[in-house]
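Letter by letter, the chains look like this.
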Amino acid sequence: LDQPGEFFFDKDSMLLYVYPNASKADPSGLDDLRFASLDSYVIIEGSRDLSLSNIGFRHSSATYMGDWDVPSGGDWALNRQAVVTIRDSSHITVENCTFHRLDGNAVMVKDRTRHISIRRSDFEWIGENAIVLRGTTNGFDATSGSQPRSTLIESNVMR
């Protein structure tokens, strides 16, 4: 290691070597060293009448090497996971929450969801998408209803 901020994990010895950033107040640079190990914090599936309010979500792990879908058969892909995943549920509210420095998707609303509200929340330094609405179809036939419907996204700040 020859530059501040570099690290190396030795799988054989299970040791992490860190060259700390010396610009920190603590000369060792280890006063605020964080390791993210989760890419998904909350999974709401098959639920009804639930609210997530005034919760802060921070520092999820990177997902760029995770499982991806190609939803349109085109030249782009979408990570399947999010810090908050809402699936096959109805009347769920995410309100006044903070999503900060997440290395993947923040909120994913997927499949047969109805009446989901995401309001007055802050999304900052998000690695992928702030909010994803993801459904499935049978080719071009979307009549199965396996898509988010009646979703309200209002008064959020995304930066």
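See the structure printed just above.
None of these values were measured; they are calculated from a predicted model.

Caption draft 1: Layout of a nonpolar patch on the surface. Where nonpolar side chains cluster on the molecular surface, the patch consists of Leu-1, Phe-8, Leu-15, Tyr-17 and Tyr-19 and spans about 490 Å² of accessible area. Assignment of secondary structure puts Tyr-19 in the loop between strand 2 (15–18) and strand 3 (42–45). Tyr-19 sits in the partly exposed class, given a relative accessible area of 33%.

Caption draft 2: Geometry of the nonpolar core. With 19 residues, the main nonpolar core has Val-84, Ile-86, Val-94, Phe-99, Val-107, Ile-118 and Phe-123 as its most contacted residues. Of all the elements in the fold, those that place two or more residues in this core are strand 8 (84–87), strand 9 (90–95), strand 10 (98–102), strand 11 (107–110) and strand 12 (114–119). Those residues in contact with Ile-86, other than ones at most four positions away along the chain, are Ile-44, Ile-92, Val-94, Met-108, Val-109, Lys-110, Thr-113 and Ile-116.

Caption draft 3: How the structure looks around the sheet that holds strand 10. A sheet is described by the order of its strands in space; here four strands give the open sequence 5-10-13-16, paired in parallel fashion. The sheet is open, and its two edges are formed by strand 5 (56–58) and strand 16 (157–158), each paired on a single side. Bridging between strand 10 and strand 13 (residues 122–126) involves four bridges; their strand directions are parallel. If you follow His-100 over to strand 13, its bridge partner there is Glu-124.

Parameters at a glance
Residues numbered from 1 in each chain as written. Predicted model: local features only at pLDDT ≥ 70, side-chain atom pairs only at ≥ 80, totals over all residues. Heavy atoms only, no water. Patch = residues over 30% accessible without salt bridge, like charges linked within 9 Å, V, L, I, M, F, W, Y side chains within 5 Å. Areas by Shrake-Rupley, 256 points an atom, 1.4 Å probe, with all protein chains shown as cover. Salt bridge = Lys/Arg side-chain N within 4 Å of Asp/Glu carboxyl O. Helix = DSSP H or I, 4+ residues; strand = E, 2+ residues; numbered from the N terminus. Buried < 20%, exposed > 50% of the residue type's maximum accessible area, 1.4 Å probe, protein only. Core = buried A, V, L, I, M, F, W, Y, C linked by side-chain atoms within 4.5 Å. Contact = heavy atoms within 4.5 Å. Pairing = 2+ DSSP bridges.

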